[in-house]
Amino acid sequence: KELIRKVINSHRDQIRFCYEQALQQAPSLGGKVAVQFMVNSAGTVPTARVAQSTANNQLLSDCLVSRVRGWQFPVGKGVAGYSVTYPFVFKRAGP
């Protein structure tokens, strides 16, 4: 779990970009978007989808799913792959 968190944290700029892009259309946007994705034996992400969202913003959801599909994750020897559901939580900074 820690290795997965490290990979996700290393892509914080991409996540922030998705949120800031969505904020332009919905300035009060906030909430949680849980993205479920499969990591295959090569560490790539062939499938990703939104499992749950309280943000209810298609632009944000589509952007997150698109970004996650491009990430590389660690895979142990002999592991065929695994499924991850990761919650991204967004809240507006400032006043």
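Before any of the text, the structure's been laid out above.
Please read these numbers as outputs of a predicted model, since none were measured by experiment.

Reading the values: the criteria
- Residues numbered from 1 in each chain as written.
- Predicted model: local features only at pLDDT ≥ 70, side-chain atom pairs only at ≥ 80, totals over all residues.
- Heavy atoms only, no water.
- Disulfide = S-S within 2.5 Å.
- Helix = DSSP H or I, 4+ residues; strand = E, 2+ residues; numbered from the N terminus.
- Buried < 20%, exposed > 50% of the residue type's maximum accessible area, 1.4 Å probe, protein only.
- Salt bridge = Lys/Arg side-chain N within 4 Å of Asp/Glu carboxyl O.
- Phe/Tyr/Trp six-rings, centres within 6.5 Å; stacked < 30°, edge-to-face > 60°.
- Polar contact = N/O pair within 3.5 Å; in protein donor to acceptor, adjacent residues only side chain to side chain.

Regarding the state of the cysteines
Working definition: the covalent bond between the sulfur atoms of two cysteines is a disulfide.
Reasoning step 1: Tallied over the full model, the rule gives 1 disulfide.
Reasoning step 2: Disulfide pairing places Cys-18 opposite Cys-63 at an S-S distance of 2.0 Å. The disulfide joining Cys-18 to Cys-63 has a torsion of about -75 degrees about its S-S bond and is therefore left-handed. With Cys-18 in helix H2 (residues 12-25) and Cys-63 in helix H3 (residues 58-68), the pair connects residues that are 45 residues apart, well separated along the chain.
Reasoning step 3: Residue classification places Cys-18 among the buried positions, given a relative accessible area of 0%.

Observations regarding the pattern of salt bridges
Reasoning step 1: Counted by the stated rule, this structure contains 2 salt bridges.
Reasoning step 2: Across the pair Asp-13 and Arg-16 runs a salt bridge whose closest N-O atoms are separated by 3.1 Å. Here Asp-13 pairs with Arg-16, and both are found in helix H2, just 3 residues apart, close to one helical turn.
Reasoning step 3: For Arg-16, a relative accessible area of 41% puts it in the partly exposed group.

Focus: the packing of aromatic side chains
Reasoning step 1: Counted by the stated rule, this structure contains 4 aromatic pairs.
Reasoning step 2: Ring geometry for Tyr-19 and Phe-90: centres 4.9 Å apart, planes at 25 degrees, overall stacked. Residue Tyr-19 is located in helix H2, and its partner Phe-90 is located in strand S3 (residues 81-90); the two are separated by 71 residues in the primary sequence.
Reasoning step 3: In this structure Tyr-19 comes out as buried when scored by relative accessible area, which is 8%.
Reasoning step 4: Every member of this aromatic cluster is reached through a ring pair, and the members are Phe-37, Trp-71 and Phe-73.

Regarding the side chain of Asn-57
Reasoning step 1: Looking at the secondary structure, you find Asn-57 in the loop between strand S2 (47-53) and H3.
Reasoning step 2: A polar contact of 2.8 Å, which involves the side chain of Asn-57, links it to the backbone nitrogen of Leu-60.

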